[in-house]
Amino acid sequence: SQANFEEDIQKEPAVGHWKPLMPSKGSTEEPETGCQDAGGVDETQSTEQLNVSRLRSSSVEIREKGSEFLKEELHKAQKELKLKDKECERLSKVREQLEQELEELTASLFEEAHKMVREANTKQAASEKQLREARGKIDMLQAEVTALKTLVITSTPSSPNRELHPQLQSPSKTVFRKGHGRNKSTSSAMVSAASQNVTPEPVSRERKEVDSILFAEFQAWKESPTLDKTCSFLDRIYREDIGPCLDFTKRELSELVQVAVEQNTLTIEPAASQTLPGVKVSAEECGGPKKCALSGLPRTCKHRIMLGDSGNYYYISPSCRARITAVCNFFTYIRYIQQGLVRQDVELMFWEVMRLRREMSLAKLGFYPSEM
């Protein structure tokens, strides 16, 4: 049986073995054609499988490369987004800072504008006040010039004017001259002595001798006239004459009176010229027709004073009025010298100053004319 099986195997053709390329002479072409068809199909299938495997491998590679590229792009986009967020945050901070600076600048501009408006209003008010004061002084000077012209014109050798020639007056009227109506810190008697070139006659037949120290101080002051009390000329007069003359019992009111006289803002008027105004201070400080506000003594007060534009009136006795008037006359004369209105020799001006100093000394000692 085994031998038969081997024979059968040998008899059957071997399937799958390559046949020779050149067929034998006795063989037909049909078996060769069938063999070739089978080999071509296998080769085509293997080629297709190879192509499919290649396509699969290439698609996997493309997918992997695409995923890597997308990851890189996503990473770049995230970085750019973070940078954009930081830039937006920075720009928002810059905007907030600019808005804050703009608000501060606007507030400062408004504040500066209000400040400029306030300063302009203050300057305008001060200018208006100075204009009113200047107009008042101009009116006063015009009145004084008119009075001076009248005095000069009416004085002739046959009929001399007694205001221009004090030696013709009675002794009781030569020391004190009538002064201070409603004009501030001025005297009608001072106009003639300050504004004209007539040599003042001596008050009485008395001898005079120039003090070298006082004359030197006056000459130094005359070179550059000033109202500064620190100069040697005015410092001496303040210590020896003005200070004692305006030293009253009511010290606080005395200081206010001295300041008003220095600033040319003091007004003296008869007490009966107007009705009593509304008084803002106590009756004890203001005094009354029967009590002097400066000395505090019971005296008949025919005049009252007002300091500046306060509206408060203080009743004063004749003695206090004489002391204030003497100081006002002195300040009026030195103001005329400072303004260049006195055209006299230096020695004549010096003796006029000495006469005014004597009036202050006499008023301080209690001497005053009966018409006060």
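Just so you know, the residues in each chain are numbered from 1, in the order the chain's sequence is written. Where totals are concerned, whole chains, interfaces and linings use all residues; where local detail is concerned, this predicted model gives features only for residues with pLDDT of at least 70, and gives and counts side-chain atom pairs only at 80 or more. Note that the side-chain values use all heavy atoms of the structure and ignore hydrogens as well as water.

A. Focus on the nonpolar core. Take the buried residues of types Ala, Val, Leu, Ile, Met, Phe, Trp, Tyr and Cys, join any two whose side-chain atoms come within 4.5 Å, and each joined set is a nonpolar core. Accessible area is worked out with a 1.4 Å probe on protein chains only. A residue is then buried under 20% of its type maximum, exposed over 50%, and partly exposed in between. Membership of the largest hydrophobic core comes to 48 residues, with the highest contact counts inside it found for Ile242, Leu266, Leu294, Ile305, Ile324 and Phe330. The numbering of helices and of strands both runs from the N terminus, where a helix is a DSSP run of H or I of at least 4 residues and a strand a run of E of at least 2. Among the elements of the structure, helix 5 (212–223), helix 6 (232–245), helix 7 (251–262), strand 1 (266–270), strand 2 (303–307), strand 3 (313–316), helix 9 (318–338) and helix 10 (346–364) are those that each provide at least two residues to this core. For this core, the element with the highest residue contribution is helix 9, accounting for 11 residues.

B. Region of interest: helix 7. By this rule, a helix spans an expected 1.5 Å times one less than how many residues it contains. Helix length check: helix 7 (12 residues) gives 17 Å between terminal C-alpha atoms against 16 Å at 1.5 Å per residue, within 8%. Looking at helix 7, one finds that the buried residues are Leu253, Ser254, Val257, Ala260 and Val261. Viewed end-on, helix 7 has its buried residues packed into an arc of 125°, placing them on one side of the element. Along helix 7, the residues that are exposed and aim more than 90 degrees away from the buried face are Arg251, Glu252 and Glu255. Think of it as the arc spanned by the lines of direction from the helix axis to the C-beta atoms.

C. A look at helix 5. The end-to-end C-alpha distance of helix 5 is 17 Å, a good match for the 16 Å that 12 residues give at a rise of 1.5 Å each. Taken residue by residue, helix 5 has Leu214, Phe215, Glu217, Phe218 and Trp221 as its buried positions. What you see down the axis of helix 5 is that its buried residues fit within an arc of 160°, all on one side. Projecting away from the buried face of helix 5 at angles above 90 degrees are the exposed residues Ser212, Ile213, Ala220 and Glu223. On its buried face, helix 5 is in contact with helix 6, helix 9 and helix 10. We call two residues contacting when some pair of their heavy atoms lies within 4.5 Å.

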